[in-house]
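# Chains, contacts and geometry: an overview
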Amino acid sequence: MNNQIALVDLDDQIMGYETKAEVHRKGLLHRAFSVFIVKDGKMLIQMRNPDKYHSGGLWSNTCCSHQRLGEALFESVHRRMEEEMGFDCCVKELFSFVYRTQFREDLIEFEYDHVFAGTYDGEIALNPEEASAIRWVSFGDLKEELRRTPEKFSSWFIICAPRVMHMIEDGSAVISG
């Protein structure tokens with residue numbers, strides 16, 4: 001398995017590649033992506049497998065991962081949707097942002113995260129190694145859950161989910177399946 005992921009600078013220019021384990025151990029800035037699948041005012045979210053090395057058991061976006069050596073960003077996005085959810089669909093990049101979360105002394109997420117959204121209304125084949133549950137949740141209910149129980153969500157989801165919902169609601173993000 002190709003475990004080399006893209007290191008980037010604050011302008012999102014690739015500076016090299018390193019193993020995922022080393023990137024997270026050292027807290028190196030790297031390229032990531034988060035995919036949000038929505039339909040009819042609802043968002044498809046997943047509960048990360050409890051055995052994941054970080055954020056296990058937390059609710060998060062439909063899928064997320066890193067750009068690997070030898071892949072374009074869009075290739076990574078579509079590969080990962082298939083691997084995690086068992087489907088692929090058209091997605092559009094909405095925005096990007098940088099965040100840093102330190103889980104332990106030797107486990108740091110420092111990501112330049114590209115946020116994608118799309119719609120899908122077909123079969124889902126959840127990969128249990130990646131996620132233990134999925135659910136469609138209305139934007140209104142999700143906003144309330146994020147306000148009342150943020151500790152149940154991944155750190156990056158708390159940052160970008162409200163912006164994704166806002167962009168879809170105000171029409172500034174027009175997505176289709």
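What counts and what doesn't
- Residues numbered from 1 in each chain as written.
- Predicted model: local features only at pLDDT ≥ 70, side-chain atom pairs only at ≥ 80, totals over all residues.
- Heavy atoms only, no water.
- Buried < 20%, exposed > 50% of the residue type's maximum accessible area, 1.4 Å probe, protein only.
- Helix = DSSP H or I, 4+ residues; strand = E, 2+ residues; numbered from the N terminus.
- Arc of directions from axis to C-beta.
- Contact = heavy atoms within 4.5 Å.
- Pairing = 2+ DSSP bridges.
- Salt bridge = Lys/Arg side-chain N within 4 Å of Asp/Glu carboxyl O.
- Polar contact = N/O pair within 3.5 Å; in protein donor to acceptor, adjacent residues only side chain to side chain.
- Axes fitted to C-alpha atoms, helices over the stretch in contact; angles between N-to-C directions.
- Parallel < 35°, antiparallel > 145°, perpendicular 65-115°, else oblique.
- Left-handed = near helix turned anticlockwise from the far one by under 90°.
- Nonpolar A, V, L, I, M, F, W, Y, C, P; charged D, E, K, R; others polar.

## Considering helix α3 (residues 139-148)
- Looking only at α3, the buried set comprises F139, L142 and L146. Projected down its long axis, α3 shows its buried positions confined to an angular sector of 60°, all on one face. Within α3, the exposed residues directed more than 90 degrees away from the buried face are R147 and R148.
- Where α3 is buried, its residues touch β3 (30-39), β4 (42-48), β9 (131-138) and α4 (155-169).

## Brief notes about the pairing of strand β7 (residues 92-104)
- Note: β7 against strand β8 (residues 107-119), eleven bridges, orientation antiparallel. Bridge assignment links K92 to a residue of β8, and that residue is A117.
- What sits between β7 and β8 in their antiparallel hairpin is a turn of two residues.

## Concerning the pattern of salt bridges
- Here the structure, examined in full by the defined rule, presents 15 salt bridges.
- In this structure, E83 and R80 form a salt bridge, with 2.6 Å as the shortest nitrogen-oxygen distance. Of this pair, E83 and R80 both sit in helix α2 (residues 73-85), three residues apart, which is roughly one turn of the helix.
- Residue class for E83 comes out partly exposed when judged on its relative accessible area of 28%.

## A word on unusual backbone geometry
- Phi at D12 takes a positive value of approximately 65°, unusual for a residue other than glycine.
- Structurally, D12 can be placed in the loop between β1 (4-8) and β2 (14-19).
- Located in the positive-phi region is D40, a residue other than glycine, with phi close to 50°.
- Residue placement: D40 occurs in the loop between β3 and β4.

## Overview of the side chain of Q67
- Mapped onto the fold, Q67 is located in the loop between β6 (63-66) and α2.
- What makes Q67 buried here is its relative accessible area of 4%.
- Polar side-chain contacts of Q67 include one of 2.8 Å to the backbone oxygen of E71.
- Contacts of Q67, omitting those with residues within four sequence positions, involve Q4, I5, A6, I14, R31, F33, A72, L73 and S76.

## A few points about the packing of α3 against α4
- One can describe the packing of α3 onto α4 by two numbers: an axis separation of 11 Å at closest approach and a directional angle of 150°. In terms of axis orientation, α3 runs roughly antiparallel to α4. Handedness of the crossing formed by α3 with α4: left-handed. Between α3 and α4, the residues in contact are F139, L142, K143 and L146 and F157, I158, A161, P162, M165, I168 and E169, respectively.
- Split into classes, the residues belonging to the contact of α3 with α4 amount to nine nonpolar, no polar and two charged.

## Quick look at the pairing of β3
- For β3, a buried count of nine out of ten residues is recorded, marking the element as mostly surrounded by other parts of the structure.
- Two elements, β3 and β8, share nine bridges in a ladder whose sense is parallel. Counterpart to F36 in the pairing with β8 is A117.
- In the sheet, β3 pairs with β6 via four bridges, with the strands oriented antiparallel. Looking at the pairing, F33 lines up with S65 of β6.
- Taken together, the three bridges between β3 and β4 define a ladder with antiparallel strand orientation. Pairing of I37 across the sheet is with L44, part of β4.
- Counting the residues in the hairpin turn of β3 and β4 gives two residues, including D40, whose phi is positive at 50°.

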